[in-house]
Amino acid sequence: MFKELKEKLCSKKFIKEFIFINIGVFFTAFSLCIFLDPNNLVVGGVGGIGTILTNTIFPNLKLSSIVLVINTVLLLISLFSLGKEFFFKTLYGSLIYPFYCFICELLFDVISKNNLLPIDNLLLIILFGACVTGAGMGLAIKNGGSTGGIDILQNICLKYFHMPLSTSLIIFDGAIVLGGAIISGDFNNILYGILFIVISGYILDNIVFGGFSFRAVHIVSSEHEKIKELIIKSFDRTVTEVYSRGGYSSKETKMLICVLSTKEYYNLRSIINEVDPSAFVYVVHSTEVRGAGFTYEKQYK
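Thresholds, definitions, all that
- Residues numbered from 1 in each chain as written.
- Predicted model: local features only at pLDDT ≥ 70, side-chain atom pairs only at ≥ 80, totals over all residues.
- Heavy atoms only, no water.
- Pairing = 2+ DSSP bridges.
- Helix = DSSP H or I, 4+ residues; strand = E, 2+ residues; numbered from the N terminus.
- 1 Å grid on protein atoms, 1.4 Å probe; cavity = no way out; pocket = protein on both sides within 12 Å on 5 of 7 lines; lining within 4 Å.
- Points joined across faces, edges and corners; volume = space filled by probe spheres on them.
- Nonpolar A, V, L, I, M, F, W, Y, C, P; charged D, E, K, R; others polar.
- Expected span 1.5 Å × (residues − 1).
- Polar contact = N/O pair within 3.5 Å; in protein donor to acceptor, adjacent residues only side chain to side chain.
- Axes fitted to C-alpha atoms, helices over the stretch in contact; angles between N-to-C directions.
- Parallel < 35°, antiparallel > 145°, perpendicular 65-115°, else oblique.
- Contact = heavy atoms within 4.5 Å.

Peer 1: Got a sec to walk through the pairing of strand β2 (residues 240–245)? Specific residues and values, please.
Peer 2: On a regular strand, each side chain points to the face opposite its neighbour's, so the side chains alternate between the two faces of the sheet. Note: β2 against strand β3 (residues 252–261), six bridges, orientation antiparallel. Bridged to arginine 245 within β3 is glutamate 252.

Peer 1: Lay out the layout of surface pockets in plain terms, naming residues and giving numbers.
Peer 2: The calculated volume of the largest pocket comes to roughly 1500 Å³. In terms of lining residues, the largest pocket is bounded by 49 residues, among which Ile141, Gly145, Ser146, Thr147 and Asp151 are the most central. Elements with a contribution of two residues or more to the lining of the largest pocket: α2 (12–36), α3 (45–55), α5 (84–113), α6 (122–142), α7 (150–161), α8 (165–184) and α9 (188–209). Here the residues of the lining of the largest pocket sort into 19 nonpolar, 22 polar and eight charged.

Peer 1: Tell me about α6, and name the residues and values.
Peer 2: The periodicity of an α-helix, 3.6 residues per turn, causes residues three or four places apart in sequence to face the same way. Across its 21 residues, α6 extends 29 Å between first and last C-alpha, which sits within 8% of the 30 Å expected from 1.5 Å per residue. If you check the start of α6, you find a side-chain oxygen 3.0 Å away from the backbone N of leucine 123, and it comes from asparagine 121. After α6 finishes, the residue glycine 144 shows a positive phi value of roughly 85 degrees.

Peer 1: Break down the packing of helix α4 (residues 63–81) against α5 for me, with residues and values.
Peer 2: At a minimum axis distance of 9 Å, the contact between α4 and α5 shows a crossing angle of 175 degrees. By the criterion of interaxial angle, the relationship of α4 to α5 is roughly antiparallel. Together, Leu63, Ser64, Val67, Leu68, Asn71, Thr72, Leu75, Ser78 and Leu79 of α4 and Lys84, Phe86, Phe87, Thr90, Leu91, Ser94, Leu95, Tyr97, Pro98, Cys101, Phe102 and Glu105 of α5 make up the contact between the two elements. By residue class, the composition of the contact of α4 with α5 is 13 nonpolar, six polar and two charged.

In structure tokens form, the structure reads like this:
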């Protein structure tokens, strides 16, 4: 058991994921402590709650301290409501996030004392902060990490109320953004919050799924055998044959299905045009490719 654990911890895959999780969590903390909190911008999440509390009830406390307390409470709730497995999976990210917030607060003190970031344009701050947050969360999630916080509440709603994660995210983040606007009296923050959530979400999706730019190609042709041979020979991969029948002609035939990179697809299109210009082809964008014997992900031992 200990030997297997040691091999896992020393594997290239684990080390790579550990590094990228830490980079992602740091980026998220950096955006919160350098761009958002100093400008009293509330855009959701535990960081948004922390900004509200430091501006109202606990003005003498550091944001990192409040984030640590909230994450710890939510961790304990997750232990009893979601089980030990979820608790341990979320434990590291939930504790390292406030630590990185503390580091970034020290960094911001140095920056502000030396006037190294003289930016007072809120729109630029929102745009850049959203990009950094989206990239950070994307890196963390893609490598199996998390910053805890609202993720825990979302999973509780999913388990006990069967509420989709997207719905609960809108509800929680929307309530936090609205609360921040009400307390500050500046309802422009609602628009800033919406803009931030949309942009960071877009960046997050592109980070998580951006490595999977592939096309699932479906081909119906009388020359399917020749096309199949050329695919295997040209791209060094096989295809799936699906027996099908034309709805109008009732003619039995085979449909070929293969998954290729975008570059490979354009080469395949040329091949199909040469072999059978009248072939019926439709293409679906694939956001992820997995399965026994077929993967685009590099395997680390």
